[in-house]
Amino acid sequence: MSTPQQGLRARDLSLGYEGADIISGLTLDVPDARVTSIIGPNGCGKSTLLRGLGRLLNPRSGDVLLDGIPLREHSTRHIATRISVLPQAPTAPSGLTVADLVSRGRHPRQKWYQQFSASDERVVEAALEATDILELADSPLEDLSGGQRQRAWISMTLAQETGILLLDEPTTYLDLAHQVDVLELVRRLYREHHRTVVMVLHDISLAARYSDHIIAMKDGAIVAQGTPSEVITPECLLEVFGLDAHVVAEPTEGRPHVIPLGTVGAAPVHT
Amino acid sequence: MKTLNLEAGPTDERAPAGPAAPAPPRRKAPRNRTAWFLASVLALLLASALSICIGGQPSSLQEAWHALFTPTGNVMDVTIRELRWPRTVLGICAGICLGLAGTLVQGHTRNPVADPGLLGINQGAALAIVAAIAIAGDLPALAQALLAFAGALVASVLVFMIGSAARYGATPVTLVLAGAAVTALCSGLVAGIVLLNDQALDTLRFWQVGSLAGRTGVLQLVWPFIAAGVVLALLNIRALNALALGADTAVSLGISVLRARAVGIGAVTLLAGTAVTLAGPIAFAGLLVPHITRAITGPDYRWLVPVSPFTGATVVLLADTAGRLIARPGELSVAVVLAVVGAPFFIYLARRKRLQTL
């Protein structure tokens, strides 16, 4: 197991864009070699936290530590060999092929004077294979379905060969089947290789299904964290989302599944 | 952590049969980009030959060869050596600058209708010229060119400073806004000055129409800036490829976005500033050339950046030569020809089925 010095942690972290802090004084140890999902209502700061963890947003105060050293003291290029970040709904230029996109994941490991090496080529091919899109390698990205496209982006983060992957709503704009497809892929790839995943997810039941660890956030603070069954309870849903819900065990693995009844404060659906 | 082996995963655990996979898109044969690169070099050689041979008194290739390599001082030798050859070289240099600057500015803004003029460079140059004439009276062409260069530099530095003053530094949006503001300010001042000063107005009228005619002599002074701009552009290639996936992804790939933007804007300033110094404002070249180049190379900047100087020079030379052919015995300036070609091209861009994203 890792020493407490390793991995990704936030210490007394404050983040914001303009005006007041969105997150202030947050402390978090990201569980190593686990799939963690951050859930919470719109505007609770979950994407902001993810951006902070991935140094897309610099802390106003406090630190994000990678192996015990603040991110700001690492070069951005070094961080890119340890952490990959997939933003929400990323865009690529017209005509870019899947193979071109995935190759760009090699960037942090290349020097400007180096050509694309044979080992880069192998890693790219393995990444395409792992995400099951090898036969699409020469297709332009815009010709792919939404699910295939998301596989291509995940493939790019694989080619980056980082131990930590941060995903901001990887299932946005996908239908349910594609959502499941992407989450299965992420869980399979990262569990098998004992890598760390942190993702922001909207769907609580899917988060419960595909995560080892859940972080529930509200108003920029962590309200609860733990295993899915510890966190996803009617009490917690009420507190975090203001949602009145039943939580049942889903029939395959017994993980919590949310059946919403109504929002608190809204007009009652029934009496 | 050791390098992660991607193949190691047990393959028996298949992802559940996901959504019914649509028919795989047809595979495109990878473009043979080396061949296209050579074709663009060949096109430039051809355009140069046309530019040298076509004029008031057309010459054959043998005559051109004779004039350039074994001159005896006959009339055609003098015409070619004194007029057409310098003009061709000027066109090549202006084309290199405009092609590269256009490619970089579209890459950094990810905007397919961006053009180097966006950074206030042309209006800055115009303002420097008319202001100097209003103060000091008539100026020789060389002094005008140097003023244009200084004005272009000051304007783009100003744009970059205003654009960077935003909370999160220079972004494409803040740069374009700052560029629009500086452009508006400069045009306002130019309009004010030429209203009060006839001499400035006369100079502006000639200068404002970008042309390769009678603008030699400046190149010897500004070529180092072209060289520096080309070097910066080449250094920017990998960052451009990462930035094409969005600023967030670029950061995730280890790009220092601020530094990459500074290098890119620096290159655009040097190149577009030099182009306006050499030939006056040539609208549309910086817009057209990146589109033509992308159609040849695809969106990879490792090819776009090296090929765009060749396509840029070819386009400028062809437009200049066409202008000499169309309006015989007079001539249409290169900027006018490009504007005539460029306007329909804009309509074509707007009417494409799928809007191009960068």
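Residues numbered from 1 in each chain as written. Chains lettered and ligands numbered in written order. Predicted model: local features only at pLDDT ≥ 70, side-chain atom pairs only at ≥ 80, totals over all residues.

Draft legend 1. Spotlight on the overall build of chain A. Within chain A, the regular secondary structure consists of 9 helices and 12 strands. Here chain A has a C-alpha radius of gyration of 19 Å; the compact-globule value for 271 residues is 18 Å, and the two agree. Principal-axis analysis of the C-alpha atoms gives chain A an extent of 70 × 40 × 40 Å. Out of the 271 residues belonging to chain A, those deemed buried represent 48%. Pairs at least 24 residues apart make up 63% of the contacts formed inside chain A by residues separated by at least 6 positions. (Helix = DSSP H or I, 4+ residues; strand = E, 2+ residues; numbered from the N terminus. Rg over C-alpha atoms; globule rule 2.2 N^0.38 Å. Buried ≥ 20, exposed ≤ 12 C-beta atoms within 10 Å, placed from the backbone. Contact = placed C-beta atoms within 7 Å.)

Draft legend 2. Inspection of the overall build of chain B at higher detail. Across its full length, chain B carries 14 helices and 0 strands. In chain B, the succession of helices and strands from N to C terminus is α-α-α-α-α-α-α-α-α-α-α-α-α-α. When each of the 358 residues of chain B is scored for burial, the buried share is 47%. Intrachain contacts of chain B at a sequence separation of at least 6 include 76% that bridge at least 24 residues.

Draft legend 3. Quick peek at the confidence of the model for chain A. Across chain A, the average pLDDT comes to 90, with 94% of residues at or above 70. When the criterion is pLDDT under 50, residues 267-271 of chain A qualifies, and its contacts beyond four places in sequence or with other chains add up to 2 contacts. (pLDDT = per-residue confidence, 0-100.)

Draft legend 4. A look at helix α1 (residues 33-53) of chain B. All names here are of chain B. Taking 1.5 Å of rise per residue, the 21 residues of α1 would be expected to cover 30 Å, and the 30 Å separating its terminal C-alpha atoms lies within 8% of that figure. Inspection of α1 places S40, L44, A47, S48, S51 and I52 among the buried residues, and these make up the whole buried set. What you see down the axis of α1 is that its buried residues fit within an arc of 135 degrees, all on one side. Across α1 from its buried face, at more than 90 degrees, point the exposed residues T34, A35, L38, L42 and L45. (Expected span 1.5 Å × (residues − 1). Arc of directions from axis to C-beta.)

Draft legend 5. View of the domain arrangement of chain A. Residue and element names in this part refer to chain A. Parsing chain A into structural domains produces domain 1 (1-82 + 162-233) and domain 2 (93-160). On a C-alpha basis, the centroid separation for the pair domain 1 and domain 2 is 24 Å. In this assembly, 14 residues from domain 1 lie in contact with 12 residues from domain 2. The set of elements that each furnish at least two residues to the side of domain 1 that touches domain 2 consists of α2 (76-80) and α6 (176-192). It is α6 that contributes the most residues to the side of domain 1 that touches domain 2, 6 residues altogether. Of the residues belonging to the side of domain 1 that touches domain 2, the class tally is 9 nonpolar, 3 polar and 2 charged. (Domains from an automatic or database assignment. Nonpolar A, V, L, I, M, F, W, Y, C, P; charged D, E, K, R; others polar.)

Draft legend 6. Structural detail: the nonpolar core. Membership of the largest hydrophobic core comes to 175 residues, with the highest contact counts inside it found for A94, C97, I129 and A275 of chain B. In terms of domain composition, this core takes at least three residues from each of domain 1 (1-82 + 162-233) and domain 2 (93-160) of chain A. (Core = buried A, V, L, I, M, F, W, Y, C linked by C-beta atoms within 7 Å.)

Draft legend 7. Structural context of the sheet that holds strand β4 (residues 61-66) of chain A. Residues and elements named next belong to chain A. Taken together, 4 strands build an open sheet; the order of strands is β2-β1-β4-β5 and the sheet is antiparallel. Lying at the two open borders of the sheet, with one neighbouring strand each, are β2 (23-29) and β5 (69-70). Summarising the sheet, strand β1 (residues 8-15) and β4 pair through 5 bridges and their orientation is antiparallel. Bridge pairing in β4 places R11 opposite D63. This element, helix α1 (residues 46-53), spans β1, β2 and β4 of the sheet and lies at about 120 degrees to β1. (Pairing = 2+ DSSP bridges. Axes fitted to C-alpha atoms, helices over the stretch in contact; angles between N-to-C directions.)

Draft legend 8. Examining the sheet that holds strand β7 (residues 164-168) of chain A more closely. Residue and element names in this part refer to chain A. Strands sit in the order β6-β7-β8-β3-β9-β10 across an open sheet of 6 strands; the sheet is mixed. Every other strand in the sheet has two partners, leaving β6 (83-86) and β10 (221-226) as the edge strands with one partner each. If you compare each strand with its neighbour and ignore which way they point, the axes differ by 15 degrees on average. Where strand β9 (residues 213-218) lies against β10, 5 bridges are found, and the strand directions are antiparallel. Residue pairing in the sheet places A216 in a bridge with A224 of β10. Contacts from α1 reach β3 (35-39), β7, β8 (196-200) and β9, with the element oriented near 145 degrees to β8.

Draft legend 9. How the structure looks around the packing of helix α4 (residues 121-136) of chain B against helix α5 (residues 141-164) of chain B. All names here are of chain B. At a minimum axis distance of 7 Å, the contact between α4 and α5 shows a crossing angle of 130 degrees. As the angle between them shows, α4 and α5 are arranged oblique. Seen from above, α4 lies across α5 with right-handed handedness. Seen from α4, the contacting residues are I121, Q123, G124, A125, L127, A128, I129 and A132; seen from α5, they are Q144, L147, A148, A150, G151, A152, V154, A155 and S156. (Parallel < 35°, antiparallel > 145°, perpendicular 65-115°, else oblique. Left-handed = near helix turned anticlockwise from the far one by under 90°.)

Draft legend 10. Geometry of the environment of G342 of chain B. Residue and element names in this part refer to chain B. The residue G342 is located in helix α14 (residues 334-351) in this model. Distance in space between the C-alpha atoms of G342 and R81 is 31 Å, their sequence separation being 261 residues. In this structure, G342 is in contact with A283, F284, L287 and L288, ignoring residues within four places of it in sequence.

Draft legend 11. Structural view of unusual backbone geometry. All names here are of chain A. Of note, the phi angle at E161 is positive, near 50 degrees, even though the residue is not glycine. Residue position: E161 is located in the loop between α5 (146-159) and β7. Although it is not a glycine, E169 sits at a positive phi angle of roughly 45 degrees. Tracing the chain through its elements places E169 in the loop between β7 and α6.

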